[in-house]
Amino acid sequence: MSARKQNKAVSPQAEAEAARLFGKHVSKTKGRLLLAVTLVCCALPVILGLRLWTEIPEIVETGLIGAGGQDDSLPRWAVVFVLPGLMCLLDFLAHYQLLANQRRMTMPKPYVRLVGRWGFPIISVLFCGGMMLQSAGRAWDLPFVAPCVLGLVLLLLGSHLWDCPRDARVSLGFALAGRSGADWDAVHRSTGGAWMAAGLLAIAGTMAGQPWAAAACGVLALAAAAVLVGLRGR
């Protein structure tokens, strides 16, 4: 039996489990929310490009050589607008493919599983942003990377909390012991939304040259969780 036929012989139960693990079943509401959030995240390096526009040379050397031996340098406008735009397009296609696999209860292709819903936002923020910094003669250093990573972590945690089940390993369950299911859902959804907003603001602040905004957003995100849990406890 060929390898293709063996793959087709996978049981429906195995396909469903694969879809659950790799397709990341989400509701339509959360799917739309994550698509919107990740598209905004992919586009945020444009802020950095506009801020450094006069420092970025008109032709940016990429260090890559094309198949014909030609230099694959990029014009400034392509670095600032096209690369983040490409990340937005690829992010949209990845989300579409994951939702298609979810509907069909099939396993996504390996490259789709690799990037998931957050691969292209991470690439756009860290590497497109880093390319703009380096082309402007600035360092891709800790003061840039650390607040961006903090923002990405807030986005990931917020997306998880938004609809996490009661048996989730990462949750606010320690502060909601004995509360009703309605309290659990309301607190986690509100906190998840607040943390995703804080993550976007942290990254946007870093791109705008205000890395201190990341620390402020981190503190506000934690404070939002405490306030929401406290309000539900009344």
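Please read all numbers here as calculations on a predicted model, not as lab measurements.

About the criteria used
Residues numbered from 1 in each chain as written. Predicted model: local features only at pLDDT ≥ 70, side-chain atom pairs only at ≥ 80, totals over all residues. Heavy atoms only, no water. Helix = DSSP H or I, 4+ residues; strand = E, 2+ residues; numbered from the N terminus. Buried < 20%, exposed > 50% of the residue type's maximum accessible area, 1.4 Å probe, protein only. Contact = heavy atoms within 4.5 Å. Areas by Shrake-Rupley, 256 points an atom, 1.4 Å probe, with all protein chains shown as cover. Patch = residues over 30% accessible without salt bridge, like charges linked within 9 Å, V, L, I, M, F, W, Y side chains within 5 Å. Salt bridge = Lys/Arg side-chain N within 4 Å of Asp/Glu carboxyl O. Lys, Arg positive; Asp, Glu negative; His and termini not counted. Charge placed at Lys NZ, Arg CZ, Asp CG, Glu CD. Phe/Tyr/Trp six-rings, centres within 6.5 Å; stacked < 30°, edge-to-face > 60°. Lys NZ or Arg CZ within 6 Å of the ring centre and 35° of its normal.

**Things to note about the overall build of the protein chain**
In terms of helices and strands, the protein chain carries 10 helices and 2 strands. Counting from the amino terminus, the protein chain carries its helices and strands in the arrangement α-α-α-α-β-β-α-α-α-α-α-α. Counting only residues that meet the buried cut, the protein chain has 41% of its 234 residues in that class. Of the contacts formed within the protein chain by residues at least 6 apart in sequence, a portion of 70% connects residues at least 24 apart. For the protein chain, the exposed surface amounts to about 12,800 Å²; the carbon and sulfur share of it is 66%.

**Digging into the environment of His 160**
Within the fold, His 160 resides in helix α8 (residues 142-161). It is 8.5 Å that separates the C-alpha atoms of His 160 and Ser 171, two residues lying 11 residues apart in sequence. In contact with His 160, other than residues within four places in its own chain, are Ala 168 and Val 170.

**Description of a nonpolar patch on the surface**
Together, Leu 86, Leu 89, Phe 92, Leu 93 and Tyr 96 give the surface a local cluster of nonpolar side chains, amounting to about 480 Å² of exposed area. Residue placement: Phe 92 occurs in helix α5 (residues 76-104).

**Brief notes about a positive patch on the surface**
Together, Lys 28, Arg 32, Arg 103 and Arg 104 make up a positively charged patch on the protein surface. Secondary structure elements with two or more residues in the positive patch: α3 (28-43) and α5. Take Arg 104: its relative accessible area is 52%, and that puts it in the exposed class.

**A few points about the packing of aromatic side chains**
The full count for this structure, using the stated rule, is 2 aromatic pairs. Between Trp 53 and Phe 81, the aromatic rings sit 6.0 Å apart at their centres with planes inclined by 50°, giving tilted as the arrangement. Residue Trp 53 is found in the loop between α4 (45-51) and β1 (59-60), and its partner Phe 81 is found in helix α5; the two are separated by 28 residues along the sequence. The exposure class assigned to Phe 81 is partly exposed, which follows from its relative accessible area of 41%. Where Phe 127 meets Trp 140, the ring centres are 6.1 Å apart and the plane angle is 25°; that geometry is what we call stacked. With Phe 127 in helix α7 (residues 119-135) and Trp 140 in the loop between α7 and α8, this residue pair connects regions lying 13 residues apart in the sequence. Over the ring of Trp 162 we find Arg 189, and its NZ or CZ is 3.8 Å from the ring centre.

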